[in-house]
Amino acid sequence: MRTLRYAILGLVDRKPATGYDIAREFKEKELSNFWSARHSQIYPELRKLTEEGLLEYEVEISGEIQEKKVYRITRRGKREFLAWLLRDEVMQPTFKDRFRLRMYFVSRMPSADAAALLKSQLVQRKRKLDFLLESQEKYQELPEYSSDQFGDYLVLRGAILREQAYVDWLEESLRLVGKSSQSSVMEQKENALVH
Ligand code: FER
């Protein structure tokens, strides 16, 4: 499934846009926090969508020589976009997280090193969480369901809950690593007394 085409259809369905406008959405707007696309992908996709009759464009003159294509969604485009939106989604496999792979092999490293790595992740994750919580401040109240902001709010809340869970996991792991390193120190002392 070519997901980019649906992201583009969704954006143009909200508001007629140029290729440049669309590229900006992926680069610096809300969408850029969780989806990306490069100019080199966007322009060929706009061309294909136009050939397929899902988008159409009007040429606007901007300045003396500059022409720009302003894309609009067609009725067929709206229909295909809605069909895609309503499709049920198969759950995606667990995201590959390199740090989790390292923790899986934690027993191969001294516990003090494990604690240091966990603390570094904790600092970074808390920073991310703070950033997301700050972003949430733009919503003093729940946006209306029918507004573009409602979906952004849902996705942002998902990110906040995910990062909070990650922070919880790191803090719990730090506690557990601390606990077991104490017990292994005690075991060493006990062993030293016995032998
Ligand atoms: C936003 C919508 C979604 C946003 C962030 C996200 C910062 C998601 C981020 C993530 O999944 O990490 O408006 O603003």
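Read on for an overview of the structure. All of these numbers come straight from a predicted model, not from anything done at the bench.

1. Side note on the packing of helix α1 (residues 3–14) against helix α3 (residues 39–51)
Now for step 1: Running from N to C, α1 and α3 cross one another at 75 degrees; their axes reach a closest spacing of 10 Å. Taken together, α1 and α3 sit at an angle that is classed as roughly perpendicular. Packed against α1, whose contacting residues are Leu4, Arg5, Ile8 and Leu9, the element α3 presents Gln41, Ile42, Glu45, Leu46 and Leu49 at the interface.
Now for step 2: For the contact of α1 with α3, the class distribution of residues is six nonpolar, one polar and two charged.

2. Here we look at the site of the ligand
Now for step 1: Of all residues adjacent to the ligand, which total 13 residues, the nearest are Asn33, Lys128, Ser135, Asp152 and Arg162.
Now for step 2: The contact in question runs from an oxygen atom of the ligand to an N or O atom on the side chain of Lys128, over 3.1 Å.
Now for step 3: Contact with the protein chains removes 94% of the 370 Å² of surface that the ligand exposes when unbound.
Now for step 4: With respect to the detected pockets, the ligand is housed in the second largest pocket.
Now for step 5: When contributions to the shell around the ligand are tallied by element, the ones reaching two or more residues are α6 (111–136) and α7 (148–194).
Now for step 6: For the shell around the ligand, the element with the most residues is α7, which contributes five residues.
Now for step 7: Across the shell around the ligand, the residue classes tally to six nonpolar, two polar and five charged.

3. A look at α6
Now for step 1: Given a rise of 1.5 Å per residue, 26 residues ought to cover 38 Å, and the 37 Å separating the end C-alpha atoms of α6 matches this to within 8%.
Now for step 2: Among the residues of α6, those classed as buried are Ala114, Ala115, Leu118, Gln121, Leu122, Leu129, Leu132 and Gln136.

4. Here's the deal with the layout of surface pockets
Now for step 1: Empty space within the largest pocket amounts to approximately 1900 Å³.
Now for step 2: Around the largest pocket, the lining comprises 39 residues; the ones closest to its centre are Arg14, Leu31, Phe81, Trp84 and Leu85.
Now for step 3: Mapped onto the lining of the largest pocket, the elements with two or more residues apiece are α1, α2 (19–28), α4 (75–85) and α7.
Now for step 4: Of the residues contributing to the lining of the largest pocket, the split by class is 18 nonpolar, seven polar and 14 charged.
Now for step 5: For the lining of the largest pocket, the two domains that each supply at least three residues are domain 1 (3–86) and domain 2 (98–194).
Now for step 6: In this model, the second largest pocket occupies a volume close to 870 Å³.
Now for step 7: Lining the second largest pocket are 25 residues, and of these Arg125, Lys128, Ala159, Arg162 and Glu163 lie nearest its centre.

5. Quick notes on the pattern of salt bridges
Now for step 1: One pass over the full model with this rule turns up 14 salt bridges.
Now for step 2: The partner of Arg24 in a salt bridge is Glu28, and the shortest N-O contact between them spans 3.6 Å. In this pair, Arg24 and Glu28 are both assigned in helix α2, four residues apart and thus about one turn of the helix distant.
Now for step 3: A residue is classified by how much of its surface remains accessible, and Arg24, at 30% relative accessible area, is partly exposed.
Now for step 4: With a shortest N-O distance of 4.0 Å, Asp152 and Lys138 are connected by a salt bridge. Placement of the pair is Asp152 in helix α7 and Lys138 in the loop between α6 and α7, with a sequence separation of 14 residues.
Now for step 5: Among the residues examined, Asp152 registers a relative accessible area of 12% and is labelled buried.
Now for step 6: Residue classification places Lys138 among the partly exposed residues on the basis of a relative accessible area of 47%.

How each quantity is defined
- Residue numbers here run from 1 along each chain, matching the order of that chain's written sequence.
- Given that the model is predicted, a residue must reach a pLDDT of at least 70 before its local features are reported, and side-chain atom pairs must reach 80 or more before they are shown or counted; all residues, however, enter totals for whole chains, interfaces and linings.
- Neither water nor hydrogens contribute to the side-chain values; these are computed over all heavy atoms in the structure.
- Orientation is described by axes fitted as lines to C-alpha atoms, over the contacting stretch for helices, and by angles from 0 to 180 degrees between their N-to-C directions.
- A run of H or I in DSSP becomes a helix once it reaches four residues, and a run of E becomes a strand once it reaches two; helices and strands are each numbered from the N terminus.
- Convention used here: angles under 35 degrees read as roughly parallel, angles over 145 as roughly antiparallel, angles from 65 to 115 as roughly perpendicular, and any remaining angle as oblique.
- Only heavy atoms matter for contacts: two residues are in contact if any of them lie within 4.5 Å across the pair.
- Following the grouping adopted for this structure description, the nonpolar residues are Ala, Val, Leu, Ile, Met, Phe, Trp, Tyr, Cys and Pro, the charged ones are Asp, Glu, Lys and Arg, and the polar ones are all others, Gly among them.
- By convention in this text, a residue qualifies as near a molecule or strand provided that one of its non-hydrogen atoms is within 4 Å of it.
- Pairs of N or O atoms within 3.5 Å make up the polar contacts considered here, provided that, within protein, one atom can donate a hydrogen while the other can accept it, and that residues adjacent in sequence are counted only when both atoms are side-chain atoms.
- Here, Shrake-Rupley sampling with a 1.4 Å probe gives the accessible areas, and only protein chains in the shown set may cover a residue.
- Think of a 1 Å grid over the protein atoms and nothing else: a 1.4 Å probe that fits but is trapped marks a cavity, an open set flanked by protein within 12 Å on at least five of seven lines marks a pocket, and residues with an atom within 4 Å of a point count as lining.
- Assignment to a cavity or pocket requires that more than half of a molecule's atoms be within 2 Å of the site's grid points.
- Expected helix span is taken as 1.5 Å per residue step, with the number of steps being one fewer than the number of residues.
- A simple rule labels every residue: compare its accessible area, found with a 1.4 Å probe on the protein chains alone, to the largest value its type can have, and call it buried under 20%, exposed over 50%, or partly exposed in between.
- Grid points are joined across faces, edges and corners, and a volume is the space filled by probe spheres set on the points.
- Note that domain bounds follow an automatic or database assignment of domains.
- Whenever a carboxyl oxygen of Asp or Glu lies within 4 Å of a side-chain nitrogen of Lys or Arg, that contact is scored as a salt bridge.

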